[in-house]
Amino acid sequence: MNEYNPQEIEQKWQQRWQEAKTFTASDDQASKQYILDMFPYPSAAGLHVGHPEGYTATDILSRFRRMNGFNVLHPMGWDAFGLPAENYAIKTGVHPDKSTHDNITNFTRQIQSLGLSYDWGREIDTSSPEYYRWTQWMFLQMYKNGLAERKKAKVNWCNTCQTVLANEQVVDGNCERSKDPVIQKDLEQWFFKTTQYADQLLEDLDTIDWPEPIKLMQRNWIGRQEGIDLSYDIDGSNEKIVAFTKFPETNFGATFIVVAPEHPIVRSITTPEQEAEVLAYVERTAGLTELQRKENREKTGVFTGRYAINTLTGFKMPIWVADFVLANYGTGMVVGVPAHDERDFEFAQKYSLEIIRVMKTTDGDESPVTELSQVDHNGAMMNSDFLNGMDAQSEAKTAMMDYMEKHGLGKRVVFFNLRDWLISRQRYWGAPIPIIYCDEHGEQSVPEDQLPVVLPTDVDFRPTGESPLALSKTFQDVSCPTCGQPARRESDTMDTFVCSSWYYLRFCDPNNEQEFASPDKLKQWLPVDMYVGGAEHAVLHLLYARFFHKALQDFGFIPKEVGREPFAALRNQGMILGEDHQKMSKSVGNVINPDDVVNEYGADTLRLYEMFMGPFEDTKPWSTKSIKGVRRFLDRSWSAMQQPAGIKTTPDLQKTLHKTIKKVTNDIEQFKFNTAISQLMICLNAISANPEFVDEQTQRSFLQLLSPFAPHLAAELAELQGYGQDLFASWPKFDETLTQDDSVQVAVQVSGKVRGTIELSPDADEASARLVAEANENVVKHITGKEIIKVIYVPGRIINLIVKG
RNA sequence: GCCGGAGUGGUGGAAUUGGUAUACACAGGAGACUUAAAAUCUCCCGGUCAUUGACCUCGUGGGUUCGAGUCCCACCUCCGGCACCA
C-alpha cells in the first residue's frame, strides 16, 4: 500500500488542475453560480489562518456546485492599493508598486498551495492601470450623473495618516487604521452622494439573503428617522428657527432653543451685547476634536440674547448656542423640552431655564420635574390643550404633527443618519481622481479616451498633508481639455474602497479593453450567488458596493435583469483565535502560519480542520492537538479506500452511506461544514468496521463526498483505485427509503422521567408501543400499583406514561 | 445608555427546532502489538451517593408544558455595533 504523503500528491494535483485549466469558467451556460470571496489586501505578513477559512468554504461550495452540474464562476484577485504599502515605502524607500507585487507573489503561492479551485485566468489587481482606468471611468460616470461632487465640508482628518477619512472609517472618534484621534477640518473634498440612495439602500435589504445582524447594522447606519421640522419666529429678526424633532407632542413644554456653534444663523441673530461672548464660545468649541467633545460631557452654552416664540403657548424661548447640538444632524437646531428629554433637562438645570411638565409619565408621576430620573417621554399628555389625555407616542404625536402642518408651523420630514461618502485621499498609492482644473474653465473631466490617468513614479511619498501627486512635475503638466491652456490635475487619489466597490463586476469580463464588462457577461453571471468574508466589512465595503451597483445600473451600465443588489447571499466567517483564546497577534506571539500547517500536515488537513473547528460564523480558538485528529481521519480514509472493493455491502453499511450522502449534501448547502465532516467520520468508522463488505459503489460515493473537502486526497485515491477523475463530474444521490431505520430506540417516560428504552419499528402504533413499554423491566416497577391516566406517544421518539397514585 | 450575538463535559463542539442532553473529535485512563518508544488497534471516560440503582446537571432564578438546552419573564457574564442623534 502507498504511504499517504500529502505534500507530494497535493503538488501533483495542483499542477494537473492548473495545466488542464480544470476550473476555468465558461460563459455560455444557463445554470450558473457566481461564488465569491472578499478579495484580500496583499499585506506583507502574508496569509493568516483566517483567510483559508472563508476560502475553503467557498471552494467546497464551488466544487459541490460543479459536481451538481452548475457552471461556476469562482475568481480571485487583489485589493492592491492602500496605505500600508505607502507607509512601508516611507520607512524603507521601497516603491509601493514593488512591495505590493512581491506580496501578491507570496499570497498567490500560499493560496495556490491550498488547492483552491479558482479560475486564475480572471485574476485582477486593482493597482494595475488596466483596472484603475475603469475605476477612474466610474468616477467620471458618477460625476456626469451628479453623484460625484466637490464641496467644502467639515471633514475627518487623521494627523498620523495625513489624510481625510470617510465617516465610516472613524471608529470611536479615532482613525480606523492608525487608531489616533481624528480632528475636524474644513476642506474642499470629493464626495459620492450615497445619501441619494439612502431609501433604496435601506429597502432593498429586505430582498437579500444576508445574516440578519449585518442587515440590522446597515439599517442602523443608514438610520432612517421620521420627524418634523418645526418653524418658530424670532423676536426682532426676520430669520426663523427650524428645529427637527421626533417628539413634537411635547411642544407645549418647549422652553428654549439651542443652536449648534457652527450654524451660520448664530452670527446673524446674536445681539450686539452678547456678541463677544458668543463668538468666543464658537471659537473655543470649533477647535475641539471629536474626542475632546466626547470626554467633556458637561453641558456648556451661551445665550445669544434673542428669543423665539413658541406658537402654541406664546412662551418666549431664549435661543442659546451649545456644542451638544451637532451641526450635521437634523437642522443643527434643537427645541428644548427639558421635562421630557434628558439632555435638555441637564442643560436647563445648569442654566436655570424653565421646566414645564406636559405628560403624566408611565410611572404615574405628575409632580414638577426636578430630577433627571423623572425625565421620560412615555405617558399621557397633560398641560397640552387639545392633546390632553392622549398617549404621547401614538395619538398625541400624530395629532400634533397634523396640527403643525395644518397651521403652517411645521413640515413632516424623513431624516437619515447616512452621510455622503468622502472619497478624496491626500495620499499616493491609490487611483488618481481624473479631474483637471483650468483657471478659465474650472473643473473639467479628463476625456474618457485619455484614461487611465497614470500614477507618476517621480514622487516623494512622505506625507505633508498635501497630496504627493501635487509635487510631481510630470503629473502636473497638463492642458485644459476645453481651451488647451496650461491647467493642473486634481492631485488627490481615491479611497481604496472605491476600487473594491466594483471588482465583482470586473470578474465577469476581466480582460475587456472596451468596457469595464460587457452587458452580456454581466447578464451571464450576476448577481453574486454567494459572497463570503469577514464581518468587519458589515457597513463599509458592503454598503459602498451596493451603492455602486444601484448607481451603475441607473446609468445603464448594468442590465436590469440581474436585479438591484450585487450580492444575493452573504455569509461571514467567524474569527479564529489563538490557542490561548486570545486574538492572534504578533506581539502576543500566538500567530499560526498556514504555511507551517501545510508543510507539517498537508493542505487537505488544514482545509478539513478549519471546517471542522466549529460553526462557520462563530469565533473559535485554534488547537494544534485537534488538528492531529483530523489528519488521523485522512490517514484512515487513505488506507480504507485503498482496500480492494468487496463484492457486496451490508444493509447497515448501505444505510449509513445513504444517510451520509443526505447529511453532507444538506449541510454543505447550509454552510454546516463541521457536522458534514463529523458525518463523514461516522461513515468511515462504519466502513472500517466492515472492511470486506465495502463495495465499489461505497468507495466511489465516499470519495465523491470527501472530494470538496479534501480534493487532493480524493483525486489521488480515485486514480489509485482506477475510478478516474470523471468520478468527480457528478455528486452521489441518496435513496430516501434507504435512510430510514427499520427499528428505532424509543425512550419510555413515566410521568415525564425517562425510565427505560424499547426497540420499535418507527411506524408502530400506540397500542403496540404501549404494550412493549409497560412490559419493559425498568419501567414495570414505576407503574405497578399505579393507574395510567394518559399516554403521549411520539412515534420513533418517546412514549410517556402519565401515572396517578 | 441603546441595539445585536453568545453562554452545553477537562477542551472544540452536536442535538431532526418542544421529545433519550453530551453525536463527532481532542485530551485523559486501561489494555493489545513492540526489547522500548512512536504509530496503530480495542475498551472506559459529565457529577454525587451507592449493593443491583437513584438523584443532580445545558450561565442564575422563576414560569408555561405530559415533557424545556430549545418557548416566556427577570437577572448575571462575555463578545460585536451605535451613541450629547434632538
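Anything mentioned here points back to the structure above.
Read on for a plain summary of the structure. (Residues numbered from 1 in each chain as written. Chains lettered and ligands numbered in written order. Predicted model: local features only at pLDDT ≥ 70, side-chain atom pairs only at ≥ 80, totals over all residues. Heavy atoms only, no water.)

Overview of the protein's contact with RNA strand B
No. 1: Near RNA strand B there are 54 residues, and of these Lys299, Tyr329, Arg343, Arg797 and Asn800 occur at the shortest range.
No. 2: The sugar-phosphate share of atoms of RNA strand B within 4 Å of the protein amounts to 59%.
No. 3: Take lysine 246: an N or O atom from its side chain is 2.6 Å from a phosphate oxygen of RNA strand B.
No. 4: At six residues, helix H22 (residues 673-689) tops the list of elements feeding residues into the surface near RNA strand B.
No. 5: Of the residues in the surface near RNA strand B, the class split is 22 nonpolar, 18 polar and 14 charged. (Near = heavy atom within 4 Å. Polar contact = N/O pair within 3.5 Å; in protein donor to acceptor, adjacent residues only side chain to side chain. Helix = DSSP H or I, 4+ residues; strand = E, 2+ residues; numbered from the N terminus. Nonpolar A, V, L, I, M, F, W, Y, C, P; charged D, E, K, R; others polar.)

What about the packing of helix H19 (residues 603-612) against H22?
No. 1: Running from N to C, H19 and H22 cross one another at 115 degrees; their axes reach a closest spacing of 7 Å. Every residue of H22 that contacts H19 at Leu608, Met611 and Phe612 is listed here: Phe673, Asn674, Ile677, Ser678 and Met681. (Axes fitted to C-alpha atoms, helices over the stretch in contact; angles between N-to-C directions. Contact = heavy atoms within 4.5 Å.)

Comments concerning the packing of aromatic side chains
No. 1: Tallying each qualifying case throughout the model produces 47 aromatic pairs.
No. 2: Measuring from centroid to centroid gives 5.7 Å for phenylalanine 81 and tyrosine 132, while their planes differ by 40 degrees, and the two rings are tilted. Separated by 51 residues along the polypeptide, phenylalanine 81 in the loop between strand E3 (77-78) and helix H3 (83-92) and tyrosine 132 in helix H5 (residues 129-144) bring together distant segments of the chain. Here the two residues phenylalanine 81 and tyrosine 132 agree in accessibility, since each one is buried.
No. 3: Look at phenylalanine 81 and tryptophan 429: their rings are 4.9 Å apart centre to centre, the planes differ by 80 degrees, and that puts the pair in the edge-to-face class. You can see phenylalanine 81 sitting in the loop between E3 and H3 and its partner tryptophan 429 sitting in the loop between strand E20 (424-425) and strand E21 (435-438), a full 348 residues away along the chain. (Phe/Tyr/Trp six-rings, centres within 6.5 Å; stacked < 30°, edge-to-face > 60°. Buried < 20%, exposed > 50% of the residue type's maximum accessible area, 1.4 Å probe, protein only.)

Section: the pattern of salt bridges
No. 1: Scanning the model with the defined rule gives 48 salt bridges in all.
No. 2: For aspartate 119, the salt bridge is made with arginine 122, and the minimal N-O distance between the two is 3.0 Å.
No. 3: Judged by its relative accessible area of 6%, aspartate 119 falls in the buried class.
No. 4: By relative accessible area, arginine 122 is classed as buried at 7%. (Salt bridge = Lys/Arg side-chain N within 4 Å of Asp/Glu carboxyl O.)

Structural notes on helix H24 (residues 711-720)
No. 1: The buried fraction of H24 is high, at eight of ten residues.
No. 2: The set of residues buried in H24 consists of Pro711, His712, Leu713, Ala714, Ala715, Glu716, Leu717 and Ala718.
No. 3: Tucked inside the fold, the buried residues of H24 contact helix H1 (6-19), helix H2 (50-67), H19, helix H20 (624-640) and helix H23 (696-706).
No. 4: One or two residues past the end of H24 sits glycine 722, with phi positive at roughly 75 degrees.

Examining the sheet that holds strand E22 (residues 442-445)
No. 1: Ordered in space as E22-E21-E24-E23, the four strands form an open sheet in which the pairing is antiparallel. Taken across any chain shown, the strands that pair with only one partner, and hence form the sheet edges, are E22 and strand E23 (478-479).
No. 2: Here E21 runs beside E22; their pairing, made up of four bridges, is antiparallel. Considered in E22, the bridge of isoleucine 436 is made with glutamine 444. (Pairing = 2+ DSSP bridges.)

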